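Notes for the structure review
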Amino acid sequence: MNDQTIKEFDAIIVGAGFAGIYQLLKLRRLGLSAVILEKADQIGGTWHWNRYPGARCDIPSLEYSYQFDEDLQQEWNWSEKYSAQPEILEYINHVADRFELRDGINFEEEVSKATFIESESKWYVETSKNKYETRFCIFATGCLSVPNKPNFNGLENFEGEILQTSTWPQEEQNFSGKKVAIIGTGSSAIQSIPLIAEQAEELYVFQRTPNYSIPSNNGPMDKEVEKQVKSRYPEFRKENYLNGFGIAAMSDEALISESDPEEVNANFEENWKNAGLGFFGGYADIPLDVDANAVAANFVRNKIKGIVKDPHTAALLSPDYHIGGKRLCVDTGYFETFNKENVHLINLKENPISEITSNSINSDEVYEIDTLILATGFDAMTGALTNIDISGRDNIKLKDQWKEGAKSYLGLGISNFPNLFTVTGPGSPSVLSNMMPSIEQHVNWITDCIDWMIKNEKKVIESSATAEEDWMVLVNEIADMTIFTDTKSWYNGSNIESKAKAFLPFIGVPVYTEKLEEVVSENYKGFIFDRVN
Ligand code: NA7
């Protein structure tokens, strides 16, 4: 501890990504004292850490941006349809400066502990540097922020360079003349592989499960589209909340089951060229009906077959599960990259990694390499919370309460953890929505709730155990009506062996939005105020 004095704030916000900095602004406007505690040495959250080549948002920039300030959304100009990581980082820095938020962020302070003291109705928060006390604790820690680093046999013996996509160095990396291996074929790998392949002497891609990916057809911002959107930005933003996945473009209500197959194919061709993630929402029954889903999946598999020249490689790159079951990817030249002579695909399903030595990965063969890249994903949705020692009422630890699966009411509040809020927590649309409108929706809701508590002289809010239980039953009932639960994915914890298997995102932004409004209109139904034991 550098300073043993306990610093006091009305609210502590953990994390200086998009959610954290907007939350700081909102609480300041409410007249509260608040500070952000941030592990990194700068703002950006996921966009600070994920600097791998090709890192890019796969939601159009005109939608993946803040809507709370009309001048900001009118004045900021994105250079491309899908923005690359450096430009997104520039944008979040611009917002922090524009709204004078930097002085409210304590950098290089990783929160290790947060304890609720019932007799005082206060949280005590500890970081590597300081101790704090606060009334409200808001975790804006992101859904994909704790890297998954599998324990490969012998990994510690590797003497070359090890890079991880989710904690990529700030200095530019050059792979020229190097033999590079990448483990994983999720979105991070799919974005980086084409660029790494341009430099590396040899690139070995170790794939456990193939992924569906749609070409981004990214390019410079279409000025006409930008003008049109900006001419009606508030209405355009509202459309986010009317679509199931919170993306304005994904709003087709037609069903494959009721459409002419030729017309379906023609629409798929169009969506393959222009829709990106919207391909999944191109027909309303793709997420719901296995037969409709199979039609869409087949279309993509045929595309892969058409792009990848070697039939064996094409077959290995073709997923056999429901499209969208794992998060759909959007790429720039991913499948085409496998036509390069220096790119080699290794199927880990057939030939698992037996050992990593000082200079090789051993699977079906010994692959001698200089650089090893881990693109192995995240402890998604709960990792950032369970990694902190959080204790609520009766000294209950969050990680114990969530041992059998995370439960949260609306993804905002957790029973036994009073005055603790999570932004885009488990049980909210979060990763199955456009994160930006979902973040703003939550931050607005949390701020309004705190304001209401102050005006109504309530000291403490918490979710009731029943409301939370019922909510998670609903989350899972809805998921069971879709194709999402049949596939192993980080949506249901299946990517981490030791993790409880439970489906965590709420599917359906419009229903969720209505529920939030209903809860507020009924004086925060499902939450308890000033509970007496
Ligand atoms: P993902 O999508 O979780 O991808 C991780 C990849 O790593 C995936 O292909 C995994 O295979 C693979 N993986 C994980 N552990 C292992 C082990 N032990 N052995 C071999 N392969 C492994 O993470 P990303 O960072 O790519 O993308 C995350 C999200 O960020 C993305 O969807 C966007 O929202 C942005 P698996 O599929 O589990 O068999």
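Definitions and cut-offs
- Residues numbered from 1 in each chain as written.
- Predicted model: local features only at pLDDT ≥ 70, side-chain atom pairs only at ≥ 80, totals over all residues.
- Heavy atoms only, no water.
- Helix = DSSP H or I, 4+ residues; strand = E, 2+ residues; numbered from the N terminus.
- Rg over C-alpha atoms; globule rule 2.2 N^0.38 Å.
- Contact = heavy atoms within 4.5 Å.
- Areas by Shrake-Rupley, 256 points an atom, 1.4 Å probe, with all protein chains shown as cover.
- Lys, Arg positive; Asp, Glu negative; His and termini not counted.
- Charge placed at Lys NZ, Arg CZ, Asp CG, Glu CD.
- Core = buried A, V, L, I, M, F, W, Y, C linked by side-chain atoms within 4.5 Å.
- Buried < 20%, exposed > 50% of the residue type's maximum accessible area, 1.4 Å probe, protein only.
- Polar contact = N/O pair within 3.5 Å; in protein donor to acceptor, adjacent residues only side chain to side chain.
- Near = heavy atom within 4 Å.
- Salt bridge = Lys/Arg side-chain N within 4 Å of Asp/Glu carboxyl O.
- Expected span 1.5 Å × (residues − 1).
- Pairing = 2+ DSSP bridges.
- Axes fitted to C-alpha atoms, helices over the stretch in contact; angles between N-to-C directions.
- Domains from an automatic or database assignment.
- Buried area = accessible area lost by both parts, 1.4 Å probe.
- Nonpolar A, V, L, I, M, F, W, Y, C, P; charged D, E, K, R; others polar.
- Phe/Tyr/Trp six-rings, centres within 6.5 Å; stacked < 30°, edge-to-face > 60°.

Once that is clear, we can look at the overall build of the protein. The helix and strand inventory of the protein stands at 16 helices and 20 strands. Whereas a compact globule of 533 residues would reach a radius of gyration of roughly 24 Å, the protein reaches 23 Å, a difference of no more than 12%. Projected onto its principal axes, the C-alpha positions of the protein cover 70 × 55 × 45 Å. Sequence separation of 24 or more characterises 73% of the internal contacts of the protein that already satisfy a separation of 6 or more. Here the protein has roughly 22100 Å² of accessible surface; of this, 47% comes from carbon and sulfur atoms. Separation between the mean location of the 48 positive side-chain charges and that of the 81 negative ones in the protein comes to 4 Å.

Before going further, it helps to spend a moment on the nonpolar core. Ranked by size, the top nonpolar core spans 152 residues in total, and within it F18, I21, Y66, L203, I390 and W445 carry the most contacts. By residue number, the principal contributor to this core is helix α14 (residues 435–455), which donates nine residues. Apart from the residues within four sequence positions on either side, I21 is in contact with A16, I36, I43, Y66, I92, V95, A96, L101 and I105. Core analysis: the second largest hydrophobic core is formed by 16 residues, L155, F206, I369 and L374 among them.

Right, let's get into the environment of T357. By the secondary structure assignment, T357 is in the loop between β13 (355–356) and β14 (360–362). Residue T357 is classed as buried on the basis of its relative accessible area of 17%. As a C-alpha pair, T357 and N153 span 204 residues in sequence and 8.7 Å in three-dimensional space. In this structure T357 touches N157, F158 and N362, once residues within four positions along its chain are discounted. Polar contacts involving the side chain of T357 include one to the side chain of S360, which spans 2.6 Å.

A word on the site of the ligand. Taken together, 20 residues lie near the ligand, and T185, S188, R208, T209 and K326 sit nearest. Here an oxygen atom of the ligand sits 2.4 Å away from a polar atom, N or O, in the side chain of T209. Measuring from an oxygen atom of the ligand, one finds a backbone N or O atom of A375 at 3.2 Å. Isolated, the ligand exposes 770 Å² of accessible area, and the fraction of that covered by the protein chains is 86%.

The next point concerns the pattern of salt bridges. A full pass over the atoms with the stated rule returns 24 salt bridges. A salt bridge links K525 to E522, with the nearest nitrogen and oxygen atoms 3.4 Å apart. Given the relative accessible area of 36%, K525 is considered partly exposed. A network of salt bridges, in which partner residues are shared, links E118, R393, E462 and R531.

For helix α4 (residues 85–98), built from 14 residues, the straight-helix expectation of 20 Å at 1.5 Å per residue is met to within 8% by its first-to-last C-alpha distance of 20 Å. All of the buried residues along α4 are Q85, E87, I88, L89, Y91, I92, V95 and A96. Those residues of α4 that are buried lie in contact with α1 (18–29), α2 (46–49) and α3 (70–75). Looking at the residues trailing α4, positive phi occurs at E100, about 50°.

Let us look at the side chain of D331. Relative to the helices and strands, D331 resides in strand β11 (residues 329–331). No salt bridge is formed by the buried D331; the nearest opposite charge belongs to R56, separated by 10 Å. Polar contacts involving the side chain of D331 include one to the main-chain amide nitrogen of G333, which spans 3.2 Å. In this structure the side chain of D331 is engaged in a polar contact, spanning 2.9 Å, whose partner is the backbone nitrogen of Y334. Residues contacting D331, with those up to four places away along its chain left out, are I190, S213, I214, P215 and S216.

Right, let's get into the sheet that holds β13. Sheet strands pair via backbone hydrogen bonds, and the direction of the pair is either parallel or antiparallel. If you trace the three strands from one edge of the open sheet to the other, you get β13-β14-β15, paired in antiparallel fashion. Both outer strands of the open sheet, β13 and β15 (366–368), are each paired with one neighbouring strand and no more. Pairing analysis gives two bridges linking β13 to β14, with the strands arranged antiparallel. Within β14, the position partnered with I356 by the bridge is I361.

With parallel pairing, the five strands of this open sheet are ordered in space as β7-β16-β8-β9-β12. At either end of the open sheet lies a strand with only one pairing partner, and these are β7 (161–164) and β12 (343–347). With direction set aside, neighbouring strand axes in the sheet form an average angle of 20°.

Taken as a whole, the protein is organised into domain 1 (3–146 + 380–529), domain 2 (148–211 + 330–377) and domain 3 (243–325). Relative to domain 3, the C-alpha centre of domain 1 lies at a distance of 32 Å. Counting from both sides, the interface comprises 21 residues of domain 1 and, opposite them, 23 residues of domain 3. Between domain 1 and domain 3 lies a buried interface of about 1400 Å² when both sides are counted; carbon and sulfur atoms form 60% of it. Of all residues in domain 1, E63, I483 and T487 bury the most surface against domain 3, accounting for 36% of the area lost on that side. Applying the counting rule to domain 1 against domain 3 returns zero salt bridges. Scanning the region where domain 1 abuts domain 3 turns up five residue pairs in polar contact (both at pLDDT 80 or more). The residue makeup of the side of domain 1 that touches domain 3, split by class, is 11 nonpolar, six polar and four charged.

The next subject is the packing of aromatic side chains. Aromatic ring pairs: the centre-centre distance and the angle between the two ring planes describe each pair. The final tally for this structure, using the stated rule, is 44 aromatic pairs. Between F206 and Y367, the ring centres sit 5.5 Å apart and the planes meet at 90°, which makes this aromatic pair edge-to-face. Within this pair, whereas F206 is found in strand β9 (residues 202–207), its partner Y367 is found in strand β15, the two being separated by 161 residues in sequence. The pair formed by F206 and Y367 is uniform in burial state, with each residue classed as buried.

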